[in-house]
Amino acid sequence: MNEVISIANQKGGVGKTTTAVNLAASLAQKGKKVLLLDLDPQSNATTSLGFSRSDYEFNIYHVLIGSKKLSEVVLETAIKNLSLAPSTIGLVGIEKEFYSPKKQNRELILKEKIKVVTGKFDFIIIDSPPALGPITINALSASDSVIIPIQCEFFALEGLAQLLNTVSLLKKTINPKLKIKGFLPTMYSGQNNLSKQVLADLSHHFKERLFHTKGSEACIVVPRNVKVAESPSFGKPVTAYASKSKGAIAYQELATVILED
Ligand code: ATP
Ligand code: MG
């Protein structure tokens, strides 16, 4: 079995990378073989796992242009069972390649490249950039499902309709199996009335889209947590840096729900 999950939201700074890194790490810590695929030129997922530019020669850009196989750029991380396909800022150049008029099936390039590692991993988790451009479209076209992190702040739902439209369009055309795995409220603060209001709105309008642990009425919410914010500077997922923190527990619960799915 091999399940490909994209973490997407074209809104910036909503917790995509944090979710991709910590869900991938939690699944790996539960014994699954996981590939975290950094598909953002900002390379935050790569940096969050402690890699700097000098640690690797080739990256996902080389895979997408066809000069390397995905298996040739994969790095082992300090977390057992967790591998990383790194990115660099050079990945911005791929948009030009994707837009080349000669390029056929440009939405399906990543899907094609992923095939060589099918069977090696139980899960492939893709971190995508804050845009609904060709990189994110490639991520969604290669995925079985998508998790949409939603920051519990003002404007939380801005752009959500456009993202949902894109998902349903892809479903009708090039990727009929694409499912919305769920919405994940992030950076929730119990002291903040606005945060509470956003969560109440989400629960009211999208209850069935939120993640629930078995037998629990409450949905999984990632709290705003200082350990989550600190962990990338130590090059570790929060589930390894502070495994008992509230932030880590939320991501461990999310992994449990996904394994039960
Ligand atoms: P971008 O759109 O730029 O790729 P993103 O959606 O990937 O951003 P993140 O980088 O995951 O968002 O998070 C944005 C910032 O918020 C980061 O500094 C991150 O450390 C911080 N952050 C994310 N989740 C939490 C949390 N639960 N508690 C505290 N800080 C958080
Ligand atoms: Mg990011």
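Scroll up to find the structure.
If you're wondering where the values come from, they're calculated on a predicted model, not measured in any experiment.

Brief notes about the overall build of the chain
Phase 1 of the analysis: A count of helical and extended segments in the chain gives 12 helices and 7 strands.
Phase 2 of the analysis: Expected size for 261 residues packed as a compact globule is a radius of gyration near 18 Å; at 17 Å, the chain falls within 12% of this value.
Phase 3 of the analysis: Dimensions along the principal axes, computed over C-alpha positions, put the chain at roughly 50 × 40 × 30 Å.
Phase 4 of the analysis: Expressed as a percentage of the 261 residues in the chain, the buried residues total 52%.
Phase 5 of the analysis: For the chain, the proportion of contacts with a sequence separation of at least 24, taken over those separated by at least 6, is 76%.

Things to note about the environment of P185
Phase 1 of the analysis: Counting through the fold element by element, P185 comes out in strand β7 (residues 179-186).
Phase 2 of the analysis: The class of P185 is buried, set by a relative accessible area of 0%.
Phase 3 of the analysis: In this structure, the C-alpha to C-alpha distance between P185 and K172, residues 13 residues apart in sequence, is 27 Å.
Phase 4 of the analysis: Setting aside residues up to four positions removed in sequence, P185 forms contacts with I150, C152, L199, L202, L210, I220, V221 and V222.

Details of the packing of aromatic side chains
Phase 1 of the analysis: Under the criterion given, the structure shown has 3 aromatic pairs.
Phase 2 of the analysis: When the ring of F183 is compared with that of F206, the centres are 5.0 Å apart and the planes differ by 70°; the resulting orientation is edge-to-face. Of this pair, F183 sits in strand β7 while F206 is found in helix α9 (residues 193-206), placing the two residues 23 residues apart along the sequence.
Phase 3 of the analysis: Where F234 meets Y241, the ring centres are 4.8 Å apart and the plane angle is 20°; that geometry is what we call stacked.
Phase 4 of the analysis: Among the residues examined, F234 registers a relative accessible area of 52% and is labelled exposed.
Phase 5 of the analysis: Under the relative-accessibility criterion, Y241 is labelled partly exposed at 23%.
Phase 6 of the analysis: Over the face of the ring belonging to Y56 we find R53, whose NZ or CZ atom lies 5.0 Å from the ring centre.
Phase 7 of the analysis: Of note, K68 hangs over the ring of F58, and the distance from its end group to the ring centre comes to 4.4 Å.

Some words on the packing of helix α1 (residues 16-29) against helix α12 (residues 246-260)
Phase 1 of the analysis: The contact between α1 and α12 brings their axes to 8 Å, and the two run at 65°. With respect to the hand of their crossing, α1 and α12 are arranged in right-handed fashion. Contacts from T18, T19, N22, L23, S26 and L27 of α1 reach α12 at Y251, Q252, L254, A255, I258 and L259.
Phase 2 of the analysis: Here the contact of α1 with α12 is composed, by residue class, of 7 nonpolar, 5 polar and no charged.

Overview of unusual backbone geometry
Phase 1 of the analysis: The phi dihedral of N81 falls on the positive side, at around 75°, and the residue is not glycine.
Phase 2 of the analysis: Turning to its location among the elements, N81 is positioned in the loop between β3 (75-76) and β4 (82-85).

The rules behind the values
- Throughout this description, residue numbers start from 1 for each chain and increase along the sequence as written.
- Following the order in which they are written, the chains are lettered starting with A and the ligands numbered starting with 1.
- A pLDDT threshold of at least 70 governs which residues receive local features in this predicted model, and a stricter bar of 80 or more applies before side-chain atom pairs are shown or counted, although totals over entire chains, interfaces and linings include all residues.
- Just so you know, side-chain values use all the structure's heavy atoms and leave hydrogens and water out.
- Only runs of H or I of at least four residues qualify as helices and only runs of E of at least two qualify as strands under DSSP, and these elements are numbered from the N terminus.
- The size measure is the radius of gyration over C-alpha atoms, and the globule rule it meets is 2.2 Å times the number of residues to the 0.38 power.
- For each residue, the accessible area found with a 1.4 Å probe, counting protein chains only, is set against the maximum for its type, and the residue is called buried under 20%, exposed over 50%, and partly exposed in between.
- Only heavy atoms matter for contacts: two residues are in contact if any of them lie within 4.5 Å across the pair.
- Side-chain rings of Phe, Tyr and Trp (the six-membered ring for Trp) are treated as a pair once their centres are within 6.5 Å; stacked means planes under 30 degrees apart, edge-to-face means over 60, and tilted covers the remaining angles.
- Two conditions define a charge sitting above a ring: the NZ of Lys or the CZ of Arg must be within 6 Å of the ring centre, and it must be within 35 degrees of the ring normal.
- Under this scheme, a helix contributes an axis fitted over its contacting stretch, all axes are lines through C-alpha atoms, and angles between N-to-C directions fall in the 0 to 180 degree range.
- Definitions for this section: a left-handed crossing has its near helix turned counterclockwise from the far helix by less than a right angle. A right-handed crossing has that turn clockwise.
- Lys, Arg, Asp and Glu make up the charged group, whereas Ala, Val, Leu, Ile, Met, Phe, Trp, Tyr, Cys and Pro make up the nonpolar group; the residues left over, Gly among them, are polar.

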